[in-house]
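What follows is each chain in one-letter form.
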Amino acid sequence: DGIRDIGVTGVETCALPILSLHAYGLAIDLNPYLNPYVRIGRRQVRPYNPATPGTIVHGDIVHKAFTSRGWQWGGDWKNDKDYQHFDKRGLLNTTP
């Protein structure tokens, strides 16, 4: 699955020579055990179960706390889902 960073170092993501939003303090992963990254068409080690307490669900208190402040949730992505992930992509200026 590539390299998973924890946001406190300049770890590259998925072995690509770019820094993740985590490295810039613009992304956070919450409770990955209950909120996994789910790739379409791949077997999941831990399935996402929105009925399990502690799981982030669209519209719950965690989702509202982040999205009301302009963060995007990986569970709202169109295809693959990253239920643990929140980010503020628009704040990173990637132009030189």
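Being a predicted model, the structure only gives us computed values, none of them experimental.

Chemist: Help me out: how do you make sense of the sheet that holds strand β5 (residues 85-87) in this one?
Modeler: With antiparallel pairing, the 3 strands of this open sheet are ordered in space as β1-β5-β3. Edge strands, defined here as strands with exactly one partner in the open sheet, are β1 (27-29) and β3 (72-73). Two elements, β1 and β5, share 3 bridges in a ladder whose sense is antiparallel. Among the inter-strand pairings, Ala27 is bridged to a residue of β5, identified as Asp87.

Chemist: I tried to follow the nonpolar core on my own but got confused; where do I start?
Modeler: One finds Val38, Ile56, Phe66, Trp71, Trp73, Tyr83 and Phe86 forming the largest nonpolar core, which totals 7 residues. Setting aside anything within four residues of it in sequence, one finds Trp71 in contact with Gly25, Leu26, Ala27, Ile28, Phe66, Phe86, Asp87 and Lys88.

Chemist: Could you clarify how one ought to interpret the pattern of salt bridges in this entry?
Modeler: Between side chains of opposite charge, a pair can form as their charged atoms come close. Throughout the structure, instances matching the rule amount to 1 salt bridge. Of the charged contacts in the structure, one is a salt bridge between Arg89 and Asp87, with a shortest N-O distance of 3.3 Å. Residue classification places Arg89 among the partly exposed positions, given a relative accessible area of 41%. Classification of Asp87 as buried rests on a relative accessible area of 0%.

Chemist: Would you explain the side chain of Thr55 in this entry?
Modeler: Mapped onto the fold, Thr55 is located in the loop between β2 (37-38) and α1 (61-67). Owing to a relative accessible area of 8%, Thr55 belongs among the buried residues under this scheme. In terms of polar contacts, Thr55 uses its side chain to reach the backbone carbonyl oxygen of Asn49, at 3.2 Å. Polar side-chain contacts of Thr55 include one of 2.9 Å to the backbone oxygen of Thr52. Setting aside its immediate chain neighbours within four residues, Thr55 contacts Leu34, Asn35, Tyr48, Asn49, Pro50 and Asp60.

Chemist: Is there a simple way to explain the environment of Gln84 in this structure?
Modeler: With respect to the helices and strands, the residue Gln84 is situated in the loop between β4 (81-82) and β5. Overall, Gln84 belongs to the buried group, its relative accessible area being 5%.

Chemist: Explain unusual backbone geometry to me, please; I cannot follow it from the model alone.
Modeler: Most peptide bonds take the trans configuration, and most residues that are not glycine carry a negative phi. In the Ramachandran plot, Asn31 falls in the positive-phi region, its phi being about 45° despite a non-glycine side chain. Its location among the elements puts Asn31 in the loop between β1 and β2.

Chemist: Help me understand the environment of Asn35, please; the structure alone is not making it clear to me.
Modeler: Looking at the element boundaries, Asn35 is found in the loop between β1 and β2. If near-sequence neighbours (up to four positions away) are discounted, Asn35 is found in contact with Leu30, Tyr48, Gly54, Thr55, Ile56, Tyr83 and Gln84. Within the structure, the side chain of Asn35 is placed 3.3 Å from the backbone oxygen of Leu30, a separation counted as a polar contact.

Cut-off values and rules
Residues numbered from 1 in each chain as written. Predicted model: local features only at pLDDT ≥ 70, side-chain atom pairs only at ≥ 80, totals over all residues. Heavy atoms only, no water. Pairing = 2+ DSSP bridges. Helix = DSSP H or I, 4+ residues; strand = E, 2+ residues; numbered from the N terminus. Core = buried A, V, L, I, M, F, W, Y, C linked by side-chain atoms within 4.5 Å. Buried < 20%, exposed > 50% of the residue type's maximum accessible area, 1.4 Å probe, protein only. Contact = heavy atoms within 4.5 Å. Salt bridge = Lys/Arg side-chain N within 4 Å of Asp/Glu carboxyl O. Polar contact = N/O pair within 3.5 Å; in protein donor to acceptor, adjacent residues only side chain to side chain.

Such coordinate-based values are descriptive only and should not be taken to indicate function.
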